[in-house]
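Listed below, chain by chain, are the residues.
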Amino acid sequence: MDIPLRTLLHCLSPGGPRGRLTVLIFHRVRASPDPLFPHEPDAQAFEQQMRWVRRWFEPLPLEEAVALLQAGRLPPRALCITFDDGYADNLTVALPILQRLGLPATFFIATGFLDGGIMWNDQVIEAVRQSRVDPLALDDLGLGVHPVGSNEEKQVAIAALIAALKYLPPDARAEKLAALVERAGARLPRSLMLTSDQLRALRRAGMGIGAHTVHHPILAQLGPREAREEIVEGAGRLEALLGEPVRLFAYPNGKPGRDYTGEHVALVRALGFTAAFSTAWGAAGTGCDPFQIPRFTPWDRTRLRYGLRLAQNLLRQPALCP
């Protein structure tokens, strides 16, 4: 199967002026399967996926790939690997696999959660996972009533609560989260995210580091001054920790027009970054806006479906990436 698939991918991403860059996005790679997230890769699944990627594509460091894309000199089947947010398992689980396979990756870090922080969505997940009450009654908070007696019910509850909270103003969301955690009787873990030392270890291992704001806000919900502060302070903290410039940025959540706007694209460009990344599907061609490069997560588990999903993504033409 590898030869026909490589041939197909070569036709879709031939390199040079007609080259197309596939950028994969991951968040966590757990050591073992999580029953609440059966479709997310654990170590075994991630290693298998990366072996397929290594056979079919030409993996490149992200900064190098961006420069080659803009110069019209991408190799055939060019691909980059990225991770968002800054989870500790990026170092403890994903990094050894990447090193074993000789694969480069770039990690976009939300600096406000380093050293014992926890993101709001993980507060939802852990509250539901640990809930001592069933059902979890949150109707007085405007969040409904959720059965949580089984893993399947917990999956439904997590999805519903994240959807209900995602686009709330940060202060209102924080207030509801605190009530949710208390009502569930949960104890939030403080080791989900990287420490500063672990971040430096990723960089020493040869991995790229990019900015992802401080608190991972939806930029479109912020005023211009707040958005600038989030971007500048996040990058500045990384530069202070690493002792080197940080020139790549990923928009939190990353949906064009919904989570960030043209104003934020212009801001990131004006701040001196060399490229920025969305979560729109598709692959970047030479005409793509380098400050809105698409990224994609294939979710299939079988070899054939995973490969065909990657080929399908190469056929997508985001409006900003002709």
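That block above? That's the structure.
My aim in this report is to walk through the structure given alongside it, one point at a time.

**Observations regarding the packing of helix α5 (residues 120-130) against helix α6 (residues 151-165)**
Angle between the axes and distance between the axes are the two parameters that describe a pair of packed helices.
Moving on, step 1. At a minimum axis separation of 10 Å, α5 and α6 run at an interaxial angle of 150°. By the angle between their directions, the pair α5 and α6 is classed as roughly antiparallel. Considering only the axes of α5 and α6, their crossing is right-handed. Residue-level contacts link W120, N121, V124, I125, V128 and R129 of α5 to K154, A157, I158, L161, I162 and L165 of α6.

**Some points on the pairing of strand β7 (residues 208-211)**
Moving on, step 1. In β7, alternate side chains face the same way, and those of G208 and G210 on one face and I209 and A211 on the other are all buried.
Moving on, step 2. In the sheet, strand β4 (residues 106-109) pairs with β7 via four bridges, with the strands oriented parallel. Residue pairing across strands places I109 opposite A211, the latter belonging to β7.

**Thoughts on the side chain of T213**
Moving on, step 1. Looking at the element boundaries, T213 is found in the loop between β7 and α9 (224-242).
Moving on, step 2. The exposure class of T213 is buried, given its relative accessible area of 0%.
Moving on, step 3. A distance of 3.0 Å separates the side chain of T213 from the backbone nitrogen of H216, its partner in a polar contact.
Moving on, step 4. Residues within four places of T213 in sequence aside, it is in contact with I109, A110, T111, L219, E230, I231, G234, F249 and P252.

**Some details on the nonpolar core**
Moving on, step 1. Ranked by size, the top nonpolar core spans 58 residues in total, and within it M50, F83 and L98 carry the most contacts.
Moving on, step 2. Take this core: its biggest share by element is seven residues, from helix α4 (residues 89-101).
Moving on, step 3. Each residue touching L98, except ones within four places of it in the same chain, is listed here: F46, M50, I81, F83, L103, A105, F107 and M207.
Moving on, step 4. Among the nonpolar cores identified, the runner-up in size contains 22 residues, and F37, W120, I125 and L143 belong to it.

**Quick notes on the environment of E239**
Moving on, step 1. Tracing the sequence through the fold places E239 in helix α9.
Moving on, step 2. Sequence separation between E239 and P147 is 92 residues; the distance between their C-alpha atoms is 45 Å.
Moving on, step 3. Of note is the side chain of E239, whose polar atom sits 3.0 Å from the backbone nitrogen of V246.

**Some remarks on the pattern of salt bridges**
Moving on, step 1. Per the stated rule, a full pass over the model turns up 16 salt bridges.
Moving on, step 2. For R129, the salt bridge is made with E126, and the minimal N-O distance between the two is 3.3 Å. Residue R129 and its partner E126 are located together in helix α5, separated by three residues, close to a single helical turn.
Moving on, step 3. The shortest N-O distance in the salt bridge between D300 and R309 comes to 2.7 Å. Judged on exposure class, the residue D300 and its partner R309 are both buried.

**Re α4**
Moving on, step 1. The terminal C-alpha atoms of α4 lie 17 Å apart, and with 13 residues this matches the ideal 18 Å at 1.5 Å per residue to within 8%.
Moving on, step 2. For α4, the complete set of buried residues consists of D89, N90, L91, V93, A94, L95, I97, L98 and L101.
Moving on, step 3. Of the surrounding secondary structure, the elements contacted by the buried residues of α4 are α2 (43-56), β3 (78-85), β4 and α8 (196-204).
Moving on, step 4. Where α4 ends, the next residue or the one after it, G102, has phi of about 70°, a positive value.

**Focus on unusual backbone geometry**
Moving on, step 1. Note that the residue after D134, namely P135, is joined by a cis bond; omega there is 5°.
Moving on, step 2. Counting through the fold element by element, P135 comes out in the loop between α5 and β5 (136-137).
Moving on, step 3. The phi torsion at D115 lies on the positive side, around 65°, for a residue other than glycine.
Moving on, step 4. Judged by relative accessible area, D115 falls into the partly exposed class, the value being 44%.
Moving on, step 5. Although it is not a glycine, T213 adopts a positive phi angle of roughly 75°.

**A look at the packing of α2 against helix α11 (residues 303-315)**
Moving on, step 1. Here α2 crosses α11 at 55°, and the two axes come no closer than 11 Å. Between α2 and α11, the interaxial angle falls into the category oblique. At the point where α2 passes α11, the crossing takes the right-handed sense. On α11, the residues touching Q49, M50, W52, V53, R55 and W56 of α2 are R303, Y306, G307 and L310.

Cut-offs and rules
Residues numbered from 1 in each chain as written. Predicted model: local features only at pLDDT ≥ 70, side-chain atom pairs only at ≥ 80, totals over all residues. Heavy atoms only, no water. Axes fitted to C-alpha atoms, helices over the stretch in contact; angles between N-to-C directions. Helix = DSSP H or I, 4+ residues; strand = E, 2+ residues; numbered from the N terminus. Parallel < 35°, antiparallel > 145°, perpendicular 65-115°, else oblique. Left-handed = near helix turned anticlockwise from the far one by under 90°. Contact = heavy atoms within 4.5 Å. Buried < 20%, exposed > 50% of the residue type's maximum accessible area, 1.4 Å probe, protein only. Pairing = 2+ DSSP bridges. Polar contact = N/O pair within 3.5 Å; in protein donor to acceptor, adjacent residues only side chain to side chain. Core = buried A, V, L, I, M, F, W, Y, C linked by side-chain atoms within 4.5 Å. Salt bridge = Lys/Arg side-chain N within 4 Å of Asp/Glu carboxyl O. Expected span 1.5 Å × (residues − 1).

By themselves, these observations are geometric and do not establish any function.
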